[in-house]
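# Analysis of the macromolecular model
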Amino acid sequence: MSQPSLSEALRGVIRRDLLLAMRHRSDVAMSVFFVVIVASLFPLGVGPESAVLRMIGPGVLWVTALLACLLSLGRLFTADYLDGVLEQTALIPQPLAVLVVGKVFAHWVISGLPVVLLSPLLGLQFGLSGETLGVLTLSLLLGTPTLSMIGAIGAALTLGLRGSGLLIALLVLPLFVPVLIFGAGAVTSSLAGIGSEANLSLLGACFMLSLAFAPWATAVALRIALE
Amino acid sequence: MGINWFKYSSPQAFYPLAGKMIPWFAGAALGLMGVGLYLGFFVAPTDFQQGEAYRIIFVHVPAAWMSMFLYVLMALWAGLGLGLNARPSFMMTQAIAPTGAMFTFLALLTGAMWGKPTWGAWWVWDARLTSELILLFQYIGLILLRASIDDLRRADRASAVFALVGVVNVPIIYFSVKWWNTLHQGASVSMTASPKMATTMVTAMLVMTLGFWMYSIAVTLARMRCVIVERARQPSWGTPAPVQDGAEVRECSGGV
Amino acid sequence: MQWGSLTEFLAMGGYGLYVWTSFGATALCLVGEVLAVWRRHVAALAQTRAVSSGGD
């Protein structure tokens, strides 16, 4: 049997993870319902005044998406770690960082992409409209994979530890802050009519930087955890 | 200087050396802080705009500087540890962290004390204070991460990775919060020291900073000695363990 | 000396609460940390002695 190429290994990882996820479709639903419910809590807590909701909408929706990503990180590596597949993955001759990209991508398709697709509807709940809704969706499209990649570092560092759920949050939330600022900022500036290009470009830069460095840091952390 | 530094890199040699150095650094710390406080309270004049409240900067600014300086130092040791696979480097990271966290907390507390009388608010979301707050979270995360991992080698290396990731994050946070403040024009107040400061004020601040620095070295060395003693109990050191092989390894999570 | 009396010094031009809370907290933290490290050292040595003199 010949050595699989890098892209074949990558596609293999993605295909396997997506297949496994399709067998537990509830995981997809969980992220979506979480975002819907939590986003609905804010108007209930703050009051239905549309001006207020429009003002807090971008931030609320972004924080909600961020929390959904955070909560889903526990599922990123745990199952594979528990049944030994992760160790095998680390032994494959292909660079672990690339395989990490595959796992994170599959994970994002399951937990992040549904939130992105749902975001226009949620934006409407907060009185956002037109171009702002588009900016919201685009910012989440750029931002949620970035959050997943950064979050993977935390997931790898805390692999198999007791109390890892809270610990991941503590480790990863400081790292999420710039993405949150640029993402919510893009929507807010669109709302204010200033134009969101600057924030979106910075968000794009965050995406590229995290793609360049986070999988590598995650791979290092995985090897440390698997030793 | 013909000293062979490497002979001190073994914990057995470092322990007594550190023990001898601590009193000197402690003495220097006390002396410098004494001079700094004298300069700050009895030489530096009253500020024209802020009155006596400005004197808080004689602890606030040094604490903030130390919090950042210690984090970078911690990250340097972490990088050295990962690069050279050297356990003493990881031990230095472990020894510095609590002191750095303490100074970060003090910087935030004294910053609030300074902000309230001067600008009327206990807290503002400017780039410096917000970055300092995130820095505190990163210190705490680092300490908790180490405390959560029982295996010493994994704890060392995982906290080293997190320290390095964190050190990259701080300037990014600073930039992003600055950006965010320009976007939301409301928060234009920043708790920086007044641009024109009398020489005596600057001198007192610098002397206090040096004093805090000497203090940090003394405390870090003392904590290193604790870490050395705690780790020597574990057979994984390779030093003859007083515990039988196969006996349970004593968990050392340590205090502050 | 720029302070007329001890009372003036403690009052700090009306800002006494803020100034002394700051310096007080600093002193407390520094002393507290020294004590905590000292206690940790004593505990570590005691545990080592206990282990080497027969173990648990």
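The coordinates are above.
Described in the following lines is the structure provided in the data block. Numbering of residues begins from 1 in every chain and follows the order in which that chain's sequence is written. Key to labels: chains lettered from A, ligands numbered from 1, both in the order written. Note on the predicted model: pLDDT of at least 70 is required for a residue's local features to be given, and 80 or more for side-chain atom pairs to be given and counted; whole-chain, interface and lining totals, by contrast, use all residues.

### Concerning the overall build of chain A
Going along the chain from the N terminus, every DSSP run of H or I of four or more residues is numbered as a helix, and every run of E of two or more is numbered as a strand. Secondary structure assignment for chain A yields ten helices and zero strands. In this treatment the radius of gyration is a C-alpha quantity, and the globule benchmark scales as 2.2 Å times the residue count to the 0.38 power. Against the compact-globule benchmark of 17 Å for 227 residues, chain A has a radius of gyration of 18 Å, which places it among compact chains. C-alpha atoms of chain A, sized along the principal axes, occupy 60 × 30 × 30 Å. Here, residue contact means that the backbone-derived C-beta atoms of the two residues sit within 7 Å. When contacts within chain A are restricted to residue pairs at least 6 apart in sequence, those whose partners lie at least 24 apart make up 80%.

### A few points about the interface of chain C and chain B
Opposite the 27 residues of chain C that make contact, chain B presents 34 residues. Basically, the charged four are Asp, Glu, Lys and Arg, the nonpolar ten are Ala, Val, Leu, Ile, Met, Phe, Trp, Tyr, Cys and Pro, and anything else, Gly included, counts as polar. Partitioning the side of chain C that touches chain B into residue classes produces 15 nonpolar, ten polar and two charged.

### What to know about unusual backbone geometry
Positive phi outside glycine occurs at asparagine 85 of chain B, with the angle close to 50°. With respect to the secondary-structure elements, asparagine 85 of chain B resides in the loop between α2 (57-84) and α3 (87-119).

### As for the packing of helix α1 (residues 6-23) of chain A against helix α6 (residues 96-111) of chain A
Residue and element names in this part refer to chain A. Between α1 and α6, the least distance of the axes is 8 Å, while the angle of their chain directions is 30°. As for how α1 packs across α6, the hand of that crossing is right-handed. Residue-level contacts link Leu6, Ala9, Leu10, Val13, Ile14, Asp17, Leu18 and Ala21 of α1 to Val98, Leu99, Gly102, Lys103, Phe105, Ala106, His107, Val109 and Ile110 of α6. Tallied by class, residues from the contact of α1 with α6 come to 13 nonpolar, two polar and two charged. Inter-axis angles, ranging from 0 to 180 degrees, are taken between N-to-C directions of lines fitted to C-alpha atoms, where helices are fitted over the stretch in contact. Crossings are classed by handedness, with left-handed meaning an anticlockwise turn of the near helix from the far one by less than a right angle and right-handed meaning a clockwise turn.

### A short note on the arrangement of the chains
The chain pair with the greatest number of contacts, out of two pairs of chains in contact, is formed by chains B and C. Spatially, chain A and chain C are disjoint, and the shortest separation between their C-alpha atoms is 24 Å.

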